[in-house]
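Residue-level listing of the chains:
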Amino acid sequence: MTDTLSVRIPEEDLIEIEKISKLEHKNKSNTLREILSSGIKEKKLEISIKKFVKKEITVTKAAEMAEIPLTTFMDLLSEKKISFHYTFNYILRCTQNDR
């Protein structure tokens, strides 16, 4: 399902959208849809990391919320130097269940 949405976009963002559109040889609508999709994924990941750090959700639930594999989520936490608040055995069980 698609829907039309009217949004006010700052001029500087419109200029950037036009630049990206020209670089990729795409129209502004398609470019904006791709940017929006990427932004949604990024925001979901950001929220899931925040909730995990605050211990509001488990690492498994955080990965599900971000819609990425558990091992990928754990790798991202490691890259961001976010410590796990789990034992090694718990992590091992989770990764085995993810396969």
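In case you missed it, the structure is sitting above this.
Below: a short report on this structure. Only a predicted model underlies this, so the values are computations on that prediction, with no experimental measurement involved.

**Description of the overall build of the chain**
Within the chain, the secondary structure is distributed over five helices and zero strands. Reading the chain from its N end, one meets helices and strands in the order α-α-α-α-α. Against the 2.2 N^0.38 benchmark of 13 Å for 99 residues, the chain shows a C-alpha radius of gyration of 18 Å, more extended than a compact globule. Referenced to the eigenvectors of the C-alpha coordinate spread, the extents of the chain come out at roughly 50 × 25 × 25 Å. Burial statistics for the chain: of 99 residues in total, 20% are counted as buried. Sequence separation of 24 or more characterises 38% of the internal contacts of the chain that already satisfy a separation of 6 or more. Counting only carbon and sulfur atoms, one obtains 54% of the accessible surface of the chain, whose full area is about 8000 Å². Between the centroid of the 18 positive side chains of the chain and the centroid of its 16 negative side chains there is a distance of 5 Å.

**A word on the nonpolar core**
If you look at the biggest cluster of nonpolar residues, it comprises 13 residues, and the most contacted ones within it are Ile49, Phe52, Val59, Phe73 and Leu77. Mapped onto this core, the elements with two or more residues apiece are helix H2 (28-53), helix H3 (59-66) and helix H4 (70-79). In this structure Phe52 touches Ile57, Thr58, Val59, Ala62, Phe73, Leu77, Ile82, Ser83, Phe84, His85 and Tyr86, once residues within four positions along its chain are discounted.

**What about the layout of surface pockets?**
Estimates place the volume of the largest pocket at around 420 Å³. As for the largest pocket, its lining consists of 13 residues, and the residues nearest its centre are Val7, Ile9, Leu32, Arg33 and Leu36. Put simply, the parts of the chain that give the lining of the largest pocket at least two residues each are helix H1 (11-24) and H2. Ranked by the residues each element gives to the lining of the largest pocket, the list is headed by H2, at five residues.

**What to know about the packing of aromatic side chains**
Under the definition given, this model contains one aromatic pair. With 6.3 Å between their ring centres and 85° between their planes, Phe52 and Phe73 make a pair best called edge-to-face. On the criterion of sequence distance, the pair formed by Phe52 in helix H2 and Phe73 in helix H4 is long-range, its members being 21 residues apart. Across the pair, Phe73 and Phe52 agree in class, each one buried.

**Focus on the pattern of salt bridges**
Counting across every chain of the model gives nine salt bridges. Here Lys19 and Glu16 are joined by a salt bridge, their closest N and O atoms 3.4 Å apart. Residue Lys19 and its partner Glu16 are located together in helix H1, separated by three residues, close to a single helical turn. Salt-bridge contacts for Glu18 lead to Lys28; the nearest nitrogen and oxygen are separated by 3.7 Å. On the criterion of sequence distance, the pair formed by Glu18 in helix H1 and Lys28 in helix H2 is long-range, its members being 10 residues apart. On the accessibility criterion, Glu18 (34% relative accessible area) is partly exposed. Here the residues in one salt-bridge network are Glu24, Lys26 and Glu34, joined through shared partners.

**Re the side chain of Thr31**
Relative to the assigned elements, Thr31 resides in helix H2. Leave out the neighbours within four places in its chain, and Thr31 touches Ile17, Ile20, Ser21 and Lys26.

**Thoughts on the side chain of Ser48**
In this fold, Ser48 is placed in helix H2. The class of Ser48 is buried, set by a relative accessible area of 0%. Discounting chain neighbours no more than four positions away, the residues touching Ser48 are Ile57, Ala62, Met65, Ala66 and Phe73.

Cut-offs and rules
Residues numbered from 1 in each chain as written. Predicted model: local features only at pLDDT ≥ 70, side-chain atom pairs only at ≥ 80, totals over all residues. Heavy atoms only, no water. Helix = DSSP H or I, 4+ residues; strand = E, 2+ residues; numbered from the N terminus. Rg over C-alpha atoms; globule rule 2.2 N^0.38 Å. Buried < 20%, exposed > 50% of the residue type's maximum accessible area, 1.4 Å probe, protein only. Contact = heavy atoms within 4.5 Å. Areas by Shrake-Rupley, 256 points an atom, 1.4 Å probe, with all protein chains shown as cover. Lys, Arg positive; Asp, Glu negative; His and termini not counted. Charge placed at Lys NZ, Arg CZ, Asp CG, Glu CD. Core = buried A, V, L, I, M, F, W, Y, C linked by side-chain atoms within 4.5 Å. 1 Å grid on protein atoms, 1.4 Å probe; cavity = no way out; pocket = protein on both sides within 12 Å on 5 of 7 lines; lining within 4 Å. Points joined across faces, edges and corners; volume = space filled by probe spheres on them. Phe/Tyr/Trp six-rings, centres within 6.5 Å; stacked < 30°, edge-to-face > 60°. Salt bridge = Lys/Arg side-chain N within 4 Å of Asp/Glu carboxyl O.

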